[in-house]
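Listed here are the chains, written in short residue letters.
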Amino acid sequence: MLQVWDAGRFAWTAKATRLLKQLCNNGNFKPLQQAAVNLAHKGYSLFVHLPTGSGKSLCFQLPAMLQENKVTLIVSPLKSLLQDQMNSLQRLQMNEKAHFLSPGNVSNITEHVCMIYTTPEMILSNRHASSMLLELLKEDRLARIVLDEAHCILEWGSTFRPSYMELARFYKQHLPHIPVTFLTATASDELISAICRIFQLDNIGIPHFKDQASSQSMVLLQSMEDRKNLKLQVVPKPPNATILALDIVRRVGQEPTIVYVLSQKDAEAVAKSIASVGGHAQPYHAGMSDSARKNVQYQWMSGKISIVCATVAFGMGIDRADVRHVVHHALPLSLSSYMQQIGRSGRDGESATCTLYYDPKDVARASFIASGDGFVDTSTSHSLRSVVELIEETGCRRRVLYAHFGQTLDECCQNCNCGEPFEMDYPEQEKPERVQYQSSPSVNYQVERIYQTLQQMIKRDQKYRKSHGISRKTIQVLLNEQPRTREDLQYIRGLTEQQMNFLEPHLHMFRQKSRD
Ligand SMILES: Nc1ncnc2c1ncn2[C@@H]1O[C@H](COP(=O)(O)OP(=O)(O)OP(=O)(O)O)[C@@H](O)[C@H]1O
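Every chain is numbered on its own, with residues counted from 1 as its sequence reads. Local features are withheld for residues below a pLDDT of 70 in this predicted model, meaning they are given only at 70 or higher, and side-chain atom pairs are given and counted only at 80 or more; totals for whole chains, interfaces and linings count all residues. Just so you know, side-chain values use all the structure's heavy atoms and leave hydrogens and water out.

A. Local environment of the pattern of salt bridges. Salt bridge, as used here, is a side-chain nitrogen of Lys or Arg placed within 4 Å of a carboxyl oxygen of Asp or Glu. Inspection of every chain in the model, using the stated rule, returns 13 salt bridges. The salt bridge involving E68 is made with K15; its shortest N-O contact spans 3.0 Å. Taken together, the positions of E68 in the loop between α4 (58-66) and β2 (71-75) and K15 in helix α2 (residues 13-23) put the pair 53 residues apart, joining distant regions of the chain. For K15, a relative accessible area of 26% gives the class partly exposed. Here D348 makes a salt bridge to R324, at a shortest N to O gap of 2.9 Å. Taken as a pair, D348 in the loop between α14 (335-342) and β14 (352-358) and R324 in the loop between β12 (307-310) and β13 (325-328) lie far apart in primary sequence, 24 residues in all. Through salt bridges with shared partners, a single network forms among D247, R250 and R251. To qualify as a helix, a DSSP run of H or I must reach at least 4 residues; to qualify as a strand, a run of E must reach at least 2; elements of each kind are numbered from the N terminus. Note on classification: 1.4 Å probe, protein chains only; a residue is buried when its accessible area is under 20% of the maximum for its type, exposed when over 50%, partly exposed between these limits.

Below, the structure written as structure tokens:
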């Protein structure tokens, strides 16, 4: 059914193709772009989960331009991202179609405007902006809400950007019949379900093209690229800041690098210690002035400095293809952030290295920062546990990472440092103690991983329904029994014929060795 949507057979196809040529330098549609346009034009809500650089912007720009006399509201977490979009529309001489909503620029929206770009804070805290939005709603001119970088809703919504969660409340209260498009390059199954729950949308799979569309029905369009050019490594974190700085410089040399840190203070401190050992580094974080941040970004983009020590805000929308290293100075707060951040490297297809420094002591600090208020809820601890699980993995890390996002990789990528001894060559007196892994209920992680992967597969496979899914309890039994054939499955209590059919090609999953 997806092929039907991802093709040109609709009344608006000719106009959409003309607009595409204008927007993309005579290009042709990339995979799933046409499906996004067609489904949006029909009135469905969408969750577009595509890799960075795959052309997600077109998935909302084009439907916005197709709808006459209506306006699409695009909400993005960073002003710099909004500015980039405005600049590229300007280059295409299409800037009259877009309006950048800021405190000094709420009125003067001309009749040519079909896209209003803004931040969540602007809608929620600027009285003029919210009443303008409600006015558009009253006049039936609000076509759609687009939430760019949708993973921020959960990852930031409960901590340092509460306006993301408030936006969901605003939506439910005032705009529940307006279709939404969520865009992100990283989304786990859990994130997608949580967003459906928060926005009260039904994830309906791929609809039949004759179905009656509804804004409450959300269609998930996703594909993930297996970025084999990224070498994933986890190394123990030297206990001393100078030795750590030296180690970073030794690894990255003069090559374009982003070092992700957990706090603004860390960004300053790490940049300083890298600079003190000869690296060309500068900090980048939200506590700096706009001009200071722009200056660092410029220096880095133009090659004047090679290393940016940054908080999570850096990277989104930074379009530099030749980043050779992403270094995690501390734990990423979730696998979605990790995926998003490593995805900034090697976008030119050349090899790049993603190095995560791990000290078990960092887990407590990361939980504290992730919780915002020091209160660690289950979703925060679950996200962090998945990160620790990836670090602890003795097999292929890429496999674990992709499984979290519902994708099965059959073989080790041969490009992660799995199986390597977890030791480094530090000066004798500074040598960190061998990292003691915290004992963890790995079997449960394994169950969860397989459960998420199977859930994802069942959703994609039209032969099966949700009810054919396998419970966590049964997965645990299957892990214990390790069935090899369809016949073996018949001895597992409670499995239906359909479940056995579904499981049969995936029995290898239950033979992965548990690490308890
Ligand atoms: N169909 C197409 N043909 C040619 N170029 C395209 C097409 N779609 C998008 N592009 C171009 O690809 C580039 C990346 O597009 P875009 O910024 O929308 O990607 P993205 O998926 O939003 O990436 P990110 O996750 O990094 O924000 C842009 O320069 C855009 O003009």
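B. Structural view of the side chain of S130. Relative to the helices and strands, S130 resides in helix α7 (residues 127-138). A relative accessible area of 16% means that S130 is categorised as buried. Residues adjacent in sequence count toward polar contacts only when both atoms are side-chain atoms; beyond that, a polar contact is any pair of N or O atoms within 3.5 Å, and within protein one must be able to donate a hydrogen and the other to accept it. Within polar-contact distance, the side chain of S130 engages the backbone oxygen of R127 at 3.2 Å. With residues up to four places along the chain from it excluded, the contact list for S130 reads I123 and F170. When checking whether two residues touch, look at their non-hydrogen atoms; a contact exists if any pair is within 4.5 Å.

C. Representation of the site of the ligand within the structure. For each residue, the test is whether any non-hydrogen atom lies within 4 Å of the molecule or strand; if one does, the residue is near. Lining the immediate environment of the ligand, one finds 16 residues, of which N28, Q33, G53, K56 and S57 sit closest. One nitrogen or oxygen atom from the side chain of Q33 is found 2.9 Å from a nitrogen atom belonging to the ligand. S54 is positioned such that a nitrogen or oxygen atom in its backbone is 3.2 Å from an oxygen atom of the ligand. In isolation the ligand offers 640 Å² of accessible surface; the protein chains occlude 68% of this area. For this classification, the nonpolar set comprises Ala, Val, Leu, Ile, Met, Phe, Trp, Tyr, Cys and Pro, the charged set comprises Asp, Glu, Lys and Arg, and every other residue, Gly included, is treated as polar. Among the residues making up the shell around the ligand, the classes are represented as 4 nonpolar, 8 polar and 4 charged. Areas reported here follow the Shrake-Rupley algorithm with a probe of radius 1.4 Å; residue values treat only the protein chains shown as occluding.

D. Expanded view of the packing of α2 against α4. Lines are fitted to the C-alpha atoms to define the axes, a helix being fitted only along its stretch in contact, and any angle between axes, read from their N-to-C directions, falls within 0 to 180 degrees. Their axes nearest at 10 Å, the elements α2 and α4 cross at an angle of 125°. In terms of their interaxial angle, α2 and α4 are classed as oblique. For the pair α2 and α4, the crossing hand works out as right-handed. Contacts between α2 and α4 pair K15, A16, L19, L20 and L23 from the former with L58, Q61, L62, M65 and L66 from the latter. Tallied by class, residues from the contact of α2 with α4 come to 8 nonpolar, 1 polar and 1 charged. Convention used here: angles under 35 degrees read as roughly parallel, angles over 145 as roughly antiparallel, angles from 65 to 115 as roughly perpendicular, and any remaining angle as oblique. Crossing chirality is assigned from the near helix's rotation relative to the far helix, an anticlockwise turn below a right angle marking it left-handed and a clockwise turn marking it right-handed.

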